[in-house]
Amino acid sequence: MTAAVTADAVGDGRGGRRHRTAPGWLLGLAGLAGLMALAEAVPRAGLVKERFLPPFSDMVSALADEAGTGAFWRALLETLRGWAIGLAVATAAGVVLGVVIGGLPPVRAAMASTIEFLRPIPSVALIPLAVLLYGTTMRATLLLVVYASFWQVLVQVLYGVRDVDPVARETARSYRFRALTQVRTVLWPTALPYVMTGFRLAAAVALILEITGELVIGSPGLGKRIAVAQSSGAVASMYALVIVVGLIGVVVNVIVRAVERRVLRWHPSVRREVVS
């Protein structure tokens, strides 16, 4: 009796009523619209002074003014270039060193303490060294980006190499596979999901450090324009540039997620996600 009542309440697809939820992207847009409305209403109502938080419409107007200048687009390209170069270098170095260190137990044991010592050092602590070496050029910020992103990839690759099936590894050795063949056929398929996780984390960290370096060091990019807008009292322009940085973060996350699904389309986790 209870089962029948439950089935009636939920609906069996023929006569019962089903509860449908809105798509995730629609709920996301609704949340974003609510945030914009709040940002418009709070300063208008006098809860926050407009010199500290201008209405959202003023931010949009300032963003339109920024988009009409060549300096804005040059700064945007500088930021994207520094982010992309730093991410590429960190990913390549993290994958290569992760495979070498993780694939050789003596090297892994010898490097474990060094990695644990260097990894917790915050990248911003290297700002004086970066300025001393490279001044306020893009290379100074690039040093911070590479250092911070490198550990995200390296640690994940080490986990992936450690997760390789020992039976598969010993089978490859018994068949006398060459080292590169072992990496390609045994190690890489297991480590690739970890590599993509490290790449996704590194992409976000690289963007954060790129903007931070531009803000603090003064290297060319959106971060420097944010600092200049703040120091000159152009608060609306400052918030407009912050919005641009946030939008870049969203786009980066969407692209990286798409790349991850494309590369790991054979992996059971991605296949389950696609099916569901």
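Procedures and definitions
- Residues numbered from 1 in each chain as written.
- Predicted model: local features only at pLDDT ≥ 70, side-chain atom pairs only at ≥ 80, totals over all residues.
- Heavy atoms only, no water.
- Helix = DSSP H or I, 4+ residues; strand = E, 2+ residues; numbered from the N terminus.
- Buried < 20%, exposed > 50% of the residue type's maximum accessible area, 1.4 Å probe, protein only.
- Contact = heavy atoms within 4.5 Å.
- Areas by Shrake-Rupley, 256 points an atom, 1.4 Å probe, with all protein chains shown as cover.
- Salt bridge = Lys/Arg side-chain N within 4 Å of Asp/Glu carboxyl O.
- Axes fitted to C-alpha atoms, helices over the stretch in contact; angles between N-to-C directions.
- Left-handed = near helix turned anticlockwise from the far one by under 90°.
- Nonpolar A, V, L, I, M, F, W, Y, C, P; charged D, E, K, R; others polar.
- Arc of directions from axis to C-beta.
- Parallel < 35°, antiparallel > 145°, perpendicular 65-115°, else oblique.

Peer 1: Could you give an account of the overall build of the protein chain, with specific residues and numbers?
Peer 2: Tallying secondary structure elements over the protein chain gives 12 helices and 0 strands in all. Ordered by position in the sequence, the α and β elements of the protein chain form the string α-α-α-α-α-α-α-α-α-α-α-α. Out of the 276 residues in the protein chain, the part that is buried amounts to 33%. Partitioning the intrachain contacts of the protein chain with sequence separation of at least 6 by distance along the chain shows that 69% fall at a separation of at least 24. Total accessible area on the protein chain stands at roughly 16600 Å², and carbon and sulfur atoms take up 66% of it.

Peer 1: Quick one: what's the story with the pattern of salt bridges, residue by residue and with numbers?
Peer 2: Taken as a whole, this structure holds 6 salt bridges when the rule is applied. Glutamate 66 is paired through a salt bridge with arginine 225; the nearest N and O atoms lie 2.7 Å apart. Of this pair, glutamate 66 sits in helix α3 (residues 56-67) while arginine 225 sits in helix α10 (residues 222-231), and the two are 159 residues apart along the sequence. Glutamate 66 sits in the buried class, given a relative accessible area of 10%. Across the pair glutamate 260 and arginine 200 runs a salt bridge, and its minimum N-O distance is 3.1 Å. Separated by 60 residues along the polypeptide, glutamate 260 in helix α11 (residues 235-263) and arginine 200 in helix α9 (residues 179-217) bring together distant segments of the chain. Since its relative accessible area comes to 11%, glutamate 260 is described here as buried. What you see here is one network of salt bridges that share partners, running through Arg200, Arg257 and Glu260.

Peer 1: Quick one: what's the story with the packing of helix α4 (residues 70-103) against helix α7 (residues 138-162), residue by residue and with numbers?
Peer 2: Put simply, α4 and α7 touch, their axes get as near as 6 Å, and they point 35° apart. For α4 against α7, the interelement crossing comes out right-handed. Here the residues of the contact of α4 with α7 sort into 19 nonpolar, 8 polar and 2 charged.

Peer 1: So what about the side chain of glutamine 156? Which residues, and what values?
Peer 2: When you line up the elements, glutamine 156 lands in helix α7. What makes glutamine 156 buried here is its relative accessible area of 16%. For glutamine 156, the residues in contact, after removing those within four places along its chain, are Tyr194, Thr197, Gly198 and Leu201.

Peer 1: Could you give an account of α10, naming the residues involved and the relevant values?
Peer 2: Of the positions making up α10, those classed as buried are Leu222, Gly223, Ile226 and Ala229. Angularly, the buried residues of α10 cover 125° about the axis, an arc narrow enough to put them on a single face. Buried-residue contacts for α10 involve α4, α9 and α11. Glycine 233, located one to two residues past α10, shows a positive phi value of around 80°.

Peer 1: An account of the packing of helix α2 (residues 24-44) against α3 is needed here, citing residue identities and associated values.
Peer 2: Running from N to C, α2 and α3 point in directions that differ by 110°, and their axes come no closer than 7 Å. When the axes of α2 and α3 are compared, the pair comes out roughly perpendicular. Contact with α2, carried on its side by Met36, Ala39, Glu40 and Arg44, involves Phe56, Ser57 and Asp58 of α3 and no other residues of that element. Taken together, the residues of the contact of α2 with α3 sort by class into 3 nonpolar, 1 polar and 3 charged.

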